[in-house]
Amino acid sequence: MRWIRPLSARTDEPVELVGGKAHGLTVLHRLGLPVPAGFVVTTEACRAFRRDGRLPDGLGHELATAVADLEAATGREFGGAQDPLTVSVRSGAAVSMPGMMCTILNLDAARRLERAVAAVFSSWDTPRARTYRELHDIPHDLGTAAIVQAMVFGNRDDHSGTGVAFSRDPNTGANVPFGDVLFGHQGDAVVSGGTPTRPLRELADREPGVWTGLLDALSRAEGHYRDACYVEFTFQSGELWLLQVRPGRFVGAAAVRVATDLVDERVLGRNEALLRVSPHHLRHVRTPRIAMTEEVDILARGLGACPGVAAGRVATTVDSAVRMAAEGPVVLVRPETSPQDMSGLAAATGIVTARGGPASHAAVVARAMGKPAVVGIGDLDVDTTSVRADGRTIGEGTMVTIDGTSGDVALGRPRVVTSAADAHLHRLLEWADEVSGNHTERDEARRLSAAQAVLRRDQR
Amino acid sequence: MTHPDPHLLVLHALRYVGFAGSGRIAAATGLRESDVESELIDLAVAGLVTHLPGDFGGWGLTDTGRVADAERITDELESAGARAAVTKAFDDFLVLNPELLDLCTAWQLRSLDGVTTVNDHSDPAYDARVLDRFAEFHERAVVVCAELSSALPRFGRYRTRLGEALDRANSGALEYVADGTESYHAVWAQLHEDLLATLGIPR
C-alpha cells in the first residue's frame, strides 16, 4: 500500500511518516502489549491532501482493503447489524500539538471513513493550529497522520473505564505509578477535564487484573525508553488496552530525581544522567514548593498554572476577597474567573479555580500578576460561603496553602521548601562538579551546563 | 440603528468590567470621565450601583443593578432585532477564543528544552514572533467586531480598544498584551463577558 501502514510489531517506519502516536503504538506492539487493531494513514497522504485539496487517488481503495483486514482481525463487520466494528480516527503528527487537531470516535459507516480522514487532515490547517506551529517553530508542511483503530469502550459496563498513567510521580519523580482513572467513561472525558477523575491507585482495588497488567505495561515501556514514561489506556469488561505511550518528559526536581534514581537502578550511567537533565530545569529549583510529608492534608489537586506557594484564608467571592484582604492574605477560590473577578484577583495572594486549564482566564491573569495559581480541580464545588472537595466542606476564612507548581491545595500552613535543598539535586551536582573539575560556588544551572559542555566535547 | 444611551453604557460596563474606578469605565465606554462620574452618581441614587471602599474597591453593580442591566440589555438586543446576528458573531468569537488564550500563554510562557519557562521578554525575536501572530489574529478578530457593531453599535468600542492595545504593545508597552486592565487580553475577556451577558448565557 502506498498511503497506509498497518499498526503492528513489524511496522518499522520513521516518525516523520507515521507520526509520534502511531510510532508509540508500534513500540507497544513490539513490547507484546495489548493495542486495539488498526492502521495509520501516513503524513505523506496528508501532504498530498493539502497540496491537491482532496484525498489522493487510490486512498479510497486502500482504506477499503485496510478496513476488510480490520474486520477479519476483529471478527466484526463495519456497519454490521449486530455488535458492529466501530473505529476511532485520531490525528498524530511527528511533533506533539496537544489538543490542536481533531479526533473522531465511534465511527460506524464505511463511507464516512474517508470524510473522517479528510477532517483530521483539514484540522492540521485550522488557524489555531497554524498559530500554534508559528509560535513553536514547527514547519507547516509536516502534516499529520491519521490513526484508524477499532474502538474499545471505557463505558461498556461496570468493569470498564479509562485513564492516563505515568510510571513515576511527575511532581516528585518518586518511583510510584501516578495518574487518573475514570470508571465507566471513554477517554475523551479524562482529557477534557469535564468529569472528575479518581486517583490511579483506586484501580488496584476495583480492577486488580487491569492494575497488574498496567504495572507490567509501565515497566516494559520504561525498559524500552530507559526513562519514566506515560501511557493512555482503556479497559473494557476487565480487559486492558493501551492507546498511547511516550517518554514522561518530566521537568524540574522530578527530572533530577528520575535521572539519579535510574543511575541507582543501573539503567543509566552518571554521565548519561547528567545529559538527561536540562539546565533550564534547574533555573526553577529555587521556586518554593509545599514539602510533601505524611502530615500534609491535601484538600484537592488540580493543575499548577503559575508556580510558587501562597497561603491565605479562603474567599469565594470578589466582595469577600476585597474585604478580607484588609486583614491578611487571601486565596480566592472560584468556579472559574472572568473580568468581573479582577478586583478579587488583584486583592488575592493566590488563586484557585475549579474549571479551566493552563490557558484559562484565571491562569493568564495569575501569571500576569505573578501570583501562584491552581486551576482545573474537577471535583471542586464553590458556593457563596464555602468550598467542597473530596467529600469535605470548608468555610470561607479557612487557612489553605496552594502550590502553583504541583497543583496541590493543602489545608493549614504546611512547611515550604525549595528543591535547591533536595538530596537528589545535591548528588547530581556533585557528579557534575567531578566531571567539570570546577568546585567553586556557582548557581545550579551553571554547574550542570559546565559538566554537559565537557561531556559533549568528549562525545565528539 | 439604536443610539447608545450613556446611562445604559455605564451600567452595563460595570457588568463586564467588574469593580472599577470611573477612569476604567470611561476607557471601556469611550465616554468622558466627568460624564461617567455624573452617570455613576445618578445610578447610585437609583440604587443600581454602589461604591466599595479600599485599595481594591471601586464602583460595582448592586443586586438590583444587575437585574436592571439584564433587563435593559435584553430590551436593547430585541428592539434592535439583533439577537440572530449577535448569536452568530458569538459563535465566531468562540472559534477565536482558544487561539487568543494560546497566544497570551505563549506571551507569558515559553518552552525551552521542553521546560515551560516564564517568558522574561529578554529575547526580542521571540516577542516579535508572538506579536506578529497577535497582528494576524487581530485581522480575524476585527471581522467579528464588525459583525457585532453592525448589529449593535456599542460593540464598536471593542475594535478600537483591541487595536489600541496592540498598537501600544507594538510600540514597546509590553504590558498592553496581557498584563494591564486595558491589555488585549483584558479587553478580549470583557468582550467575552459582554457577549454572555448580552445573550443571557450563564457561565
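Residues numbered from 1 in each chain as written. Chains lettered and ligands numbered in written order. Predicted model: local features only at pLDDT ≥ 70, side-chain atom pairs only at ≥ 80, totals over all residues. Heavy atoms only, no water.

Looking at an unreviewed UniProt entry, chain B carries the name Transcriptional regulator, with the source organism given as Actinophytocola gossypii.

An unreviewed UniProt entry lists chain A under the name Pyruvate, phosphate dikinase, with Actinophytocola gossypii as the source organism.

**Observations regarding the overall build of chain B**
Rules: For the purposes of this entry, the term helix denotes a DSSP run of H or I that reaches at least four residues, the term strand denotes a run of E that reaches at least two, and both are numbered from the N terminus. Put simply, the radius of gyration uses C-alpha atoms, and a globule should come to 2.2 Å times the residue count raised to 0.38. Residue contacts follow a heavy-atom distance rule, with two residues in contact if any of their heavy atoms lie within 4.5 Å. Per-residue and other accessible areas were derived by the Shrake-Rupley procedure at a 1.4 Å probe size, with only the shown protein chains allowed to occlude residues.
When you go through chain B residue by residue, the secondary structure sums to nine helices and four strands. In chain B, the succession of α and β elements from N to C terminus is α-α-α-β-β-α-α-β-β-α-α-α-α. Scaling as 2.2 N^0.38, a compact globule of 203 residues should have a C-alpha radius of gyration of about 17 Å, and chain B matches this with 18 Å. Here the C-alpha coordinates of chain B stretch approximately 55 × 40 × 30 Å along the principal axes. When contacts within chain B are restricted to residue pairs at least 6 apart in sequence, long-range pairs at least 24 apart make up 63% of them. Here chain B displays about 8,700 Å² of accessible surface, and carbon together with sulfur accounts for 55% of that area.

**Some points on the UniProt feature "domain: PEP-utilising enzyme mobile" (unreviewed entry) in chain A**
Heads up, the condition is: UniProt positions are given in the numbering used here, feature names are shortened, and annotations may be inferred rather than shown by experiment.
Per the UniProt record, "domain: PEP-utilising enzyme mobile" (unreviewed entry) is annotated on residues 329-407 of chain A. Annotation note: span residues 329-407 of chain A, helix share 19%, strand share 35%, distance between end C-alpha atoms 19 Å.

**Brief notes about the side chain of H361(A)**
Rule in force here: The rule is simple: take the accessible area with a 1.4 Å probe, protein chains only, and divide by the maximum for that residue type; under 20% is buried, over 50% is exposed, in between is partly exposed. Two N or O atoms count as a polar contact when they lie within 3.5 Å, although within protein this holds only if one can serve as hydrogen donor and the other as acceptor, and sequence-adjacent residues are included solely when both atoms are side-chain atoms.
By the element assignment, H361(A) lies in helix α14 (residues 361-369). A relative accessible area of 13% places H361(A) in the buried class. A distance of 2.7 Å separates a polar atom in the side chain of H361(A) from a polar atom in the side chain of T337(A). Apart from the residues within four sequence positions on either side, H361(A) is in contact with T337(A), S338(A), P339(A), M342(A), L345(A), L101(B), H185(B) and A189(B).

**Considering the interface of chain A and chain B**
For clarity, the cut-off: Computed with a 1.4 Å rolling probe, the buried area is the accessible surface lost when two parts are put together, summed over both parts. Every case where a carboxyl oxygen of Asp or Glu lies within 4 Å of a side-chain nitrogen of Lys or Arg is listed as a salt bridge.
Taken residue by residue, the interface counts 33 residues in chain A and 38 residues in chain B. A combined buried area of about 3,000 Å² lies between chain A and chain B, and 61% of that area is made up of carbon and sulfur atoms. It is L135(A), P339(A) and Q340(A) that lose the most area in chain A upon contact with chain B, and together they represent 21% of the buried surface on that side. Ionic pairing is found between R129(B) and D137(A), a salt bridge with its closest N-O pair at 3.4 Å.

**Concerning helix α9 (residues 252-264) of chain A**
In an α-helix, one turn spans 3.6 residues, which is why side chains three or four residues apart end up on the same side. Residue and element names in this part refer to chain A. The following threshold applies: In a helix, the anticipated span is given by 1.5 Å times the number of residues less one.
The end-to-end C-alpha separation of α9 is 19 Å, in line with the 18 Å expected for 13 residues at 1.5 Å each. Counting buried positions along α9 yields ten of 13 residues, so the element is predominantly enclosed. Taken as a whole, α9 has its buried residues at G252, A254, A255, V256, V258, A259, T260, D261, L262 and V263. In this structure, the buried residues of α9 make contact with α10 (270-276), α11 (279-282) and α15 (423-436). Among the residues trailing α9, R266 stands out with phi positive, at a value near 65°.

**Remarks on the sheet that holds strand β18 (residues 380-382) of chain A**
Residues and elements named next belong to chain A. For the record, the criterion: A pair of strands is considered paired only if DSSP assigns at least 2 bridges between the two. Structural elements are reduced to axes, namely lines fitted to C-alpha atoms, with helices fitted over the stretch in contact, and the angle between N-to-C directions of any two is expressed from 0 to 180 degrees.
One open sheet accounts for three strands, arranged β18-β19-β20; its pairing is antiparallel. Only two strands of the sheet have a single neighbouring strand rather than two, namely β18 and β20 (392-395). Strand-to-strand twist across the sheet, computed as the mean angle between neighbouring axes with direction ignored, equals 20°. Of the pairings in the sheet, the one linking β18 to strand β19 (residues 386-389) comprises three bridges and is antiparallel in character.

**Structural notes on the pairing of β20(A)**
Residues and elements named next belong to chain A. Relative to β20, β19 runs antiparallel, the two being bridged by four bridges. Paired with A389 across the bridge in β20 is R392. A loop of two residues connects β19 with β20, the two strands running antiparallel in sequence, and D390 in this loop sits at a positive phi of about 50°.

**Details of the pattern of salt bridges**
When their charged atoms lie close together, side chains carrying opposite charge are able to pair. Scanning all chains against the criterion turns up 40 salt bridges over all chains. The partner of R128(A) in a salt bridge is D102(B), with the nearest N and O atoms 2.6 Å apart. Of this pair, R128(A) sits in helix α5 (residues 127-135) while D102(B) sits in helix α5 (residues 83-108), each in a different chain. For R128(A), a relative accessible area of 25% translates into the label partly exposed. Note on D102(B): relative accessible area 16%, which makes it buried. Among the salt bridges present, the one from R427(A) reaches D264(A), with a minimum N-O distance of 2.9 Å. Of this pair, R427(A) sits in helix α15 while D264(A) sits in helix α9, placing them 163 residues apart in sequence. The partly exposed category is assigned to R427(A), whose relative accessible area is 30%. One connected set of salt bridges, linked through shared partners, spans R50(A), D125(A), R130(A) and R133(A).

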